[in-house]
Protein chains: 2
Amino acid sequence: MATSTLLIDHFAAIIKLEDSFPNSVSEVKSIADKLIKSLGLTVIKKIYHEFEPSGVTLVYILSQSHLAIHTWPERKTIHVDLLSCSPITGESIRSAINSSFERLRLNALSIKKCEV
Amino acid sequence: MATSTLLIDHFAAIIKLEDSFPNSVSEVKSIADKLIKSLGLTVIKKIYHEFEPSGVTLVYILSQSHLAIHTWPERKTIHVDLLSCSPITGESIRSAINSSFERLRLNALSIKKCEV
C-alpha cells in the first residue's frame, strides 16, 4: 500500500552478545539513552518493566514515534524496535547500536528495515 | 542471523481509513484493547501521548512483548506495531485488526511480518 507522503522509517535489530547481560532497567536505559542521543531523537515519555526471572522491556515514546528494547539475558539477546517519522538509515542505526553497546562485546548484529 | 529457539513474531500494519479518525487517546485505547483481547495477549503497563495539533501514540508493554499504535488523523492513517514472543500469525492479526476497527470504515489494510 502506498503511504504517499507519510514517512515511516521502521527498523528491527537483534543483537547477540558474547557475554551475559545485566538484568537491570538501568543498564537498558543507559543503552537506550545512547541510541537516542546518537540518532538525534527526542524522548517524550518512558516506560519500563523488569520481568521475573529475567528480561527487561523499555519503551520510549518519541516525538518521532517510538523506541522499544527487549532483553533476554539468559540468551544474551536484545531486540531493538525503532519507528521514526524522521529519516533514519540502516547505516545510522548500525553505527548508533555499535557505539551504544561499546561496553558490551557483540557476537552478532542483524538489522532489518520493516517496510509495510 | 539465526535466532535459534527465541521466538519473536513481529508485525507492522498500516491502516488507511475512509473517514477522519477521532484524535483522542480513548478512541485509540478502545481499539488497542480490542486488539489485545482478540489476540489473547496480556497487558502489563500502558503509556499514551496526544500530539499537537493531532496524532496519538499508545504503547502497551505486554507479557509477550509490546503493542504500539500511532495515528495520523489528518491523513486517516494508523500504524500498528506488534512484537510477540507467543506465536501470532498474519491471519490472526488481520482478523483482529478488522474486528477491532469495525466501527470505522477501512480503505486499505497492509500487514507485513518483520523478520530480522
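Anything mentioned here points back to the structure above.
Draft legend 1. Looking closely at the relation of the copies chain B and chain A. Each copy of the sequence occupies a distinct position, and chain B is placed on chain A by a rotation of 180° and an axial shift of 0.0 Å, giving an RMSD of 0.0 Å. What the superposition gives is, in effect, a two-fold axis relating one chain to the other. Measuring from the rotation axis to each C-alpha of chain B, the shortest distance belongs to Cys114 of chain B, at 2.7 Å. Interface residue correspondence from chain B to chain A reaches 100%, placing this contact among same-surface, isologous pairings.

Draft legend 2. Main features of the pairing of strand 3 (residues 56-62) of chain B. All names here are of chain B. Extensive coverage of strand 3 is indicated by the burial of seven of its seven residues. By the alternation rule, side chains of strand 3 split into Val56, Leu58, Tyr60 and Leu62 and Thr57, Val59 and Ile61, which are all buried. Sheet analysis places strand 2 (residues 43-50) next to strand 3, joined by seven bridges and oriented antiparallel. Across the sheet, residue Tyr48 finds its bridge partner in strand 3, namely Leu58.

Procedures and definitions
- Along each chain, residues carry numbers from 1 onward, in the same order as the chain's sequence is written.
- Written order determines the labels here, with chains lettered from A and ligands numbered from 1.
- It should be noted that, the model being predicted, local features are given only for residues of pLDDT at least 70 and side-chain atom pairs only at 80 or more, the latter also being counted only at that level, while totals for whole chains, interfaces and linings use all residues.
- Calculation of side-chain values draws on the structure's entire complement of heavy atoms; hydrogens and water are dropped beforehand.
- Each copy is superposed on the other by least squares, with the fit set by C-alpha atoms of residues at a pLDDT of at least 70 in both.
- We call two residues contacting when some pair of their heavy atoms lies within 4.5 Å.
- Note on classification: 1.4 Å probe, protein chains only; a residue is buried when its accessible area is under 20% of the maximum for its type, exposed when over 50%, partly exposed between these limits.
- Each helix is a run of H or I in the DSSP string that is no shorter than four residues. Each strand is a run of E no shorter than two, and both are numbered from the N terminus.
- Pairing between two strands requires that DSSP report at least two bridges joining them.

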